[in-house]
Amino acid sequence: MAAGCAVALCTALAAPVAADGGTTTTKPTIVLVHGAFADASSWNGVVERLERRGYTVTAPANPLRGLYNDSTYIASVLDSIKGPIVLAGHSYGGAVISTAAAGNPRVKSLVYVSALMPDVGESGMSLGARFPSELGTATKSVPYRAGGGVSGTDLYLKPDRLHQVFAADLPESTTRILAATQRPAATTAFSQTAKVAAWKHIPSWSLVAKQDKTINPDQERFEAKRAGSHTVEIDSSHVAMVSHPEAVTDLVLQAATAADSARPALAATGTTHDARAETALTGIAAASLIAGTGAVLLGRRLRRRAH
């Protein structure tokens, strides 16, 4: 009887309870962040599939003005969302979510789709130098001016190279439209070095696009292994969420439904201290202590009655 009370007490302390006495479960909000040369519509096929499965989805516009600027903006989007979050990034969007999620306890999982996953001190450029791709010969630089005397340089994909390098598994009629409507990224998006790496503390899932010509697939494999990500590989160009939306949706759903006990190993480099995990363990220990104390007191009462 005492053991039963202890188990019941632990269960009551560990599980959130709804007003009707049942255990509550909250589906996370899915946030999808696009990368360079694209916009939020690149996630359309994934958004449709996730919404059909009952998820709330948002795909904010990534400013593409630099890693520090963009990650600060996306972090503010996350701050506006209530409840748990699954955060996904494509291409350069991976670097953005790695910074934006840092220190946010509501981000449950990170999903990287043929993406950059820089460690502290790394940039898109430094990773690209280690793992060369065809992107370096497929871009053109265009100076830009903005308000307040701000100026810089934008990178565009050359229209005649976009199909081959960016989206070879899409029809050329589609890639011509992508070339005409592409959003350029400031060079600071790729040159600014990461100051944090959220994948060291948050479980991650990664998709490697085996036919990627924009980011070297070996770079994607290296990043995923280093982060301890759950990883899948598919025969896809760089824009897997456009050409293979079902596969990308499946990976996001894995991240959204994963139990805490199914966390993958965390980062292979740097500190892996997780304050949230420590808090959870402390809570379990406290519950066990309280339950044990309750069992002892109950046993004493029963002995008194027997006497």
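What counts and how
Residues numbered from 1 in each chain as written. Predicted model: local features only at pLDDT ≥ 70, side-chain atom pairs only at ≥ 80, totals over all residues. Heavy atoms only, no water. Salt bridge = Lys/Arg side-chain N within 4 Å of Asp/Glu carboxyl O. Helix = DSSP H or I, 4+ residues; strand = E, 2+ residues; numbered from the N terminus. Buried < 20%, exposed > 50% of the residue type's maximum accessible area, 1.4 Å probe, protein only. Phe/Tyr/Trp six-rings, centres within 6.5 Å; stacked < 30°, edge-to-face > 60°. Pairing = 2+ DSSP bridges. Core = buried A, V, L, I, M, F, W, Y, C linked by side-chain atoms within 4.5 Å. Contact = heavy atoms within 4.5 Å. Axes fitted to C-alpha atoms, helices over the stretch in contact; angles between N-to-C directions. Expected span 1.5 Å × (residues − 1). Right-handed = clockwise from strand over helix to strand, strands pointing away. Left-handed = near helix turned anticlockwise from the far one by under 90°.

Asker: I'd like a description of the pattern of salt bridges, backed by residues and values.
Answerer: Under the defined criterion, the tally for this structure stands at 10 salt bridges. Close ionic contact of glutamate 122 with arginine 226 constitutes a salt bridge, the shortest N to O distance being 3.0 Å. Of the two residues, glutamate 122 is situated in the loop between strand E4 (107–113) and helix H5 (124–130) and arginine 226 in helix H9 (residues 217–227); the sequence distance between them amounts to 104 residues. The exposure classification of glutamate 122 matches that of arginine 226, with both residues buried. Counted as one network, the salt bridges with shared partners bring together Arg49, Arg53 and Glu246.

Asker: Can you explain the packing of aromatic side chains? Please cite residues and give values.
Answerer: Summed over all chains, the structure comprises 3 aromatic pairs. Aromatic side chains tyrosine 92 and phenylalanine 190 sit 5.7 Å apart centroid to centroid with 55 degrees between the ring planes, which places their arrangement in the tilted category. Here the residue tyrosine 92 occupies a position in helix H4 (residues 92–100), and phenylalanine 190 occupies one in helix H8 (residues 188–191), the gap between them amounting to 98 residues. Between phenylalanine 131 and phenylalanine 222, the aromatic rings sit 5.4 Å apart at their centres with planes inclined by 35 degrees, giving tilted as the arrangement. Remark: phenylalanine 222 occurs in helix H9 and phenylalanine 131 occurs in the loop between H5 and strand E5 (139–145); sequence separation between them is 91 residues.

Asker: Break down the sheet that holds strand E7 (residues 185–186) for me, citing the residues and quoting the values.
Answerer: Read from one edge of the open sheet, 3 strands run E5-E6-E7, paired in antiparallel fashion. Unpaired on one side and paired on the other, E5 and E7 mark the two borders of the sheet. As judged from the 7 bridges shared by E5 and strand E6 (residues 151–157), these two strands associate in the antiparallel manner. What sits directly across from valine 142, in E6, is aspartate 154.

Asker: Let's hear about the nonpolar core: which residues, and what values?
Answerer: If you look at the biggest cluster of nonpolar residues, it comprises 43 residues, and the most contacted ones within it are Leu78, Leu87, Tyr92, Val107 and Leu110. Counting residues per element, the ones that place at least two in this core are strand E1 (29–33), helix H3 (67–79), strand E3 (85–90), H4, E4, E6, helix H6 (159–166) and H8. With 5 residues, the single largest contributor to this core is H4. Those residues in contact with leucine 78 that sit more than four places away from it in its chain are Val31, Ile85, Leu87, Ala100, Ala101, Asn104, Arg106 and Val107. The next biggest cluster of nonpolar side chains, apart from the first, holds 25 residues, and it includes Trp43, Tyr55, Ala209 and Val252.

Asker: How would you explain the sheet that holds E3 if you had to name every residue and give the values?
Answerer: Within a sheet, adjacent strands bond to each other through the backbone by hydrogen bonds, running parallel or antiparallel. A sheet is described by the order of its strands in space; here 6 strands give the open sequence E2-E1-E3-E4-E8-E9, paired in parallel fashion. Either end of the sheet is taken by a strand with one partner, and the two such strands are strand E2 (57–58) and strand E9 (230–234). As paired elements, strand E8 (residues 204–209) and E9 share 5 bridges and run parallel to each other. Each residue of the ladder has a partner; that of valine 208, found in E9, is glutamate 233. Set on the sheet, H9 makes contact with E8 and E9; between it and E8 the angle comes to about 165 degrees. Here helix H11 (residues 245–257) sits on the sheet and contacts E1, E3, E4, E8 and E9; the angle it forms with E4, its principal contact strand, is near 160 degrees.

Asker: So what about H11? Which residues, and what values?
Answerer: With 13 residues, H11 extends 18 Å between its outermost C-alpha atoms, agreeing within 8% with the 18 Å of an ideal straight helix rising 1.5 Å per residue. Taken together, the buried positions of H11 are Pro245, Val248, Thr249, Leu251, Val252, Leu253, Ala255 and Ala256.

Asker: Summarise the pairing of E4; cite the residues concerned and give the values.
Answerer: The side chains of a regular strand alternate, first on one face of the sheet and then on the other. For E4, a buried count of 6 out of 7 residues is recorded, marking the element as mostly surrounded by other parts of the structure. Alignment of E3 against E4, held across 6 bridges, turns out to be parallel. Of the residues in E4, the one forming a bridge with isoleucine 85 is valine 107. At this point the chain moves from E3, through H4, to the parallel E4, and the crossover so formed is right-handed. Sheet topology note: the E4/E8 ladder contains 4 bridges and is parallel. By the bridge assignment for E8, valine 111 is matched with tryptophan 205.

Asker: Describe in detail the packing of H3 against H4, supporting the description with residues and values.
Answerer: Here H3 crosses H4 at 60 degrees, and the two axes come no closer than 8 Å. As for the relative orientation of H3 and H4, their crossing is right-handed in sense. In this structure, H3 contributes Leu67, Asp70, Ser71, Ile74, Ala75 and Leu78 to the contact, and H4 contributes Tyr92, Ala95, Val96, Thr99 and Ala100.

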